[in-house]
Amino acid sequence: MNERHVIIDTVDPVVFYGVNNANLRLIRNLFPKLRMAARGQVITVIGEEEETAAFESKIKELEQYCATYNTLTEEVIIDTIKGLPPKELKMDDVIIYGVNGKPIKARTPNQQLLVNAFKQNDLTFALGPAGTGKTYLAVALAVRALKNREVRKIILSRPAVEAGEKLGFLPGDMRDKIDPYLQPLYDALEDMIPTAKLKEYMDSNVIQIAPLAFMRGRTLNDAIVVLDEAQNTTTHQIKMFLTRLGMGSKMVVTGDITQIDLPRTTGSGLIQALRVLNGVKGIGRVEFEKKDIVRHRLVQRIVEAYERHDESMQNA
């Protein structure tokens, strides 16, 4: 008898094993000659050498499918173990498959322009109103690059500037105080990476989420770096951030120059950077419009109403 240890290290075991270990029970039934036990990322299997080798091969096929689509169904398991090609989910224009197999892809022409600009440039500016998917899409592109092993880490950052509220009085350590600023980035990641795998990535610093001030002095190699809400950077901050770009890395800078929360006497670093870097080779720029808003349809109407109000105030 042969004992073999099969390690599942590219997917969340909770997703792989299924709800209440339903997938694992099915796999066990499909290999009746083997004895197996799973603990964490390791499946221990005992049986004849040929059987255990075939088992490992099939598990690795299933792991690859699960890593690609973030889901594993009974049909896929049965087809794979029987030697039939599993049903491929349609990949046309899909950036990644999120949690539970949800396809994430560009939903408007300008979102597709961002996908193309990201491929073609090492630094891309994505500009436009709230709800156009700038940040969400940038995070999806970063997760895809990490999954494809094009980079070793993802770094997501935001300037810690209040939108009319003061958070400094909140209790807790430094992370407790800054997390409210960074929550939109966590929200996007939780849509794309299963919980246990995301925790593993963050515990090992493969994915890092930090305020902009924490970027000083770093050189960011082999990474996708996303700066969100860049309209709230000062001129010194954004220059500091952009010059962190290291070898094998790409940056995406998102912002909405109509929602600047800086003091009135402080100029937006994003506005200056767009002016200074205009025409520089290797830098892409995509501008989103109200028609690109992909949140609740009421969001577009809200944005339009505020624009009309601002225009009327200027003309008064």
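Whatever comes next refers back to the structure up there.
What comes next concerns the included structure. All values reported here derive from a predicted model rather than from experimental measurement.

Describing the overall build of the protein chain
Line of reasoning, step 1. Scanning the protein chain from N- to C-terminus turns up 11 helices and 11 strands.
Line of reasoning, step 2. For the protein chain, the spread of C-alpha atoms along the three principal axes comes to 85 × 40 × 40 Å.
Line of reasoning, step 3. The burial tally for the protein chain puts 46% of its 316 residues in the buried class.
Line of reasoning, step 4. Expressed as a percentage of contacts within the protein chain between residues at least 6 apart in sequence, the contacts between residues at least 24 apart total 71%.
Line of reasoning, step 5. Of the roughly 17300 Å² that the protein chain leaves accessible, carbon and sulfur atoms contribute 51%.
Line of reasoning, step 6. In the protein chain, 42 positive and 40 negative side-chain charges are present, and the distance between their average locations comes to 3 Å.

Focus on unusual backbone geometry
Excluding glycine, residues mostly carry a negative phi; peptide bonds, for their part, are mostly trans.
Line of reasoning, step 1. In the Ramachandran plot, N70 falls in the positive-phi region, its phi being about 60° despite a non-glycine side chain.
Line of reasoning, step 2. Along the chain, the position of N70 falls in the loop between helix 3 (49–69) and helix 4 (74–81).
Line of reasoning, step 3. Take N70: its relative accessible area is 7%, and that puts it in the buried class.
Line of reasoning, step 4. With phi around 65°, N205 is a residue other than glycine that occupies positive phi space.

Quick notes on the pattern of salt bridges
Line of reasoning, step 1. For the structure on display, the rule yields 12 salt bridges.
Line of reasoning, step 2. A salt bridge links E61 to K58, with the shortest nitrogen-to-oxygen separation between them at 3.8 Å. Placement of both E61 and K58 in helix 3 is noted, with a separation of 3 residues, approximately one turn of the helix.
Line of reasoning, step 3. E61 gets classed as partly exposed once you look at its relative accessible area, which sits at 38%.
Line of reasoning, step 4. Given a relative accessible area of 19%, K58 falls into the buried group.
Line of reasoning, step 5. The partner of R152 in a salt bridge is D222, with the nearest N and O atoms 3.6 Å apart. Taken together, the positions of R152 in the loop between helix 6 (134–147) and strand 7 (153–158) and D222 in the loop between strand 8 (207–211) and strand 9 (223–227) put the pair 70 residues apart, joining distant regions of the chain.
Line of reasoning, step 6. Judged by relative accessible area, R152 falls into the exposed class, the value being 53%.
Line of reasoning, step 7. Through salt bridges that share partners, R4, E49 and E56 make up one connected network.

Let's talk about helix 10 (residues 269–276)
Line of reasoning, step 1. Residues G269, L270, A273 and L274 constitute the buried set of helix 10. Along helix 10, the residues classed as buried sweep out an arc of 135° about the axis, all on the same side. Facing away from the buried surface of helix 10 by more than 90 degrees, the exposed residues are R275 and V276.
Line of reasoning, step 2. Turning to helix 10, the residues buried within the fold contact strand 6 (123–127), helix 9 (235–242), strand 10 (250–255) and strand 11 (283–287).

Remarks on the side chain of N70
Line of reasoning, step 1. For N70, the side chain forms a polar contact with the main-chain oxygen of Y97, separated by 2.9 Å.
Line of reasoning, step 2. Of the polar contacts made by the side chain of N70, one reaches the backbone oxygen of G98; its length is 3.4 Å.
Line of reasoning, step 3. Setting aside its immediate chain neighbours within four residues, N70 contacts V15, Y65, Y97, G98, V99, N100, G101, K147, M192 and P194.

Describing the side chain of K250
Line of reasoning, step 1. Tracing the backbone through its elements, the reader meets K250 in strand 10.
Line of reasoning, step 2. The buried charged residue K250 lacks any salt bridge partner; its closest oppositely charged side chain belongs to D122, at an N-O distance of 4.8 Å.
Line of reasoning, step 3. In this view, K250 contacts F118, K119, Q120, N121, D122, A223, I224, V225 and L245; residues no more than four positions away in its chain are not counted.

What about the environment of G248?
Line of reasoning, step 1. By secondary structure assignment, the location of G248 is in the loop between helix 9 and strand 10.
Line of reasoning, step 2. On a C-alpha basis, the gap between G248 and L30 in space is 44 Å, while along the polypeptide they are 218 residues apart.

Observations concerning the sheet that holds strand 2 (residues 35–39)
Line of reasoning, step 1. Taking strand neighbours across the sheet as the criterion, the 3 strands line up as 1-3-2 in an open arrangement whose pairing is antiparallel. A single partner strand is all that each edge strand has here, and the edge strands are strand 1 (2–7) and strand 2. Between one strand axis and the next, the sheet turns by 15° as a mean value, whatever way the strands run.
Line of reasoning, step 2. Where strand 2 lies against strand 3 (residues 42–47), 5 bridges are found, and the strand directions are antiparallel. Bridge pairing in strand 3 places R39 opposite V42.
Line of reasoning, step 3. Against the sheet, helix 3 makes contact with strand 1, strand 2 and strand 3, and its axis sits at roughly 10° relative to strand 1, the strand it touches most.

The rules behind each value
- Residues numbered from 1 in each chain as written.
- Predicted model: local features only at pLDDT ≥ 70, side-chain atom pairs only at ≥ 80, totals over all residues.
- Heavy atoms only, no water.
- Helix = DSSP H or I, 4+ residues; strand = E, 2+ residues; numbered from the N terminus.
- Buried < 20%, exposed > 50% of the residue type's maximum accessible area, 1.4 Å probe, protein only.
- Contact = heavy atoms within 4.5 Å.
- Areas by Shrake-Rupley, 256 points an atom, 1.4 Å probe, with all protein chains shown as cover.
- Lys, Arg positive; Asp, Glu negative; His and termini not counted.
- Charge placed at Lys NZ, Arg CZ, Asp CG, Glu CD.
- Salt bridge = Lys/Arg side-chain N within 4 Å of Asp/Glu carboxyl O.
- Arc of directions from axis to C-beta.
- Polar contact = N/O pair within 3.5 Å; in protein donor to acceptor, adjacent residues only side chain to side chain.
- Pairing = 2+ DSSP bridges.
- Axes fitted to C-alpha atoms, helices over the stretch in contact; angles between N-to-C directions.

Shape is all these values report; function is a separate question.
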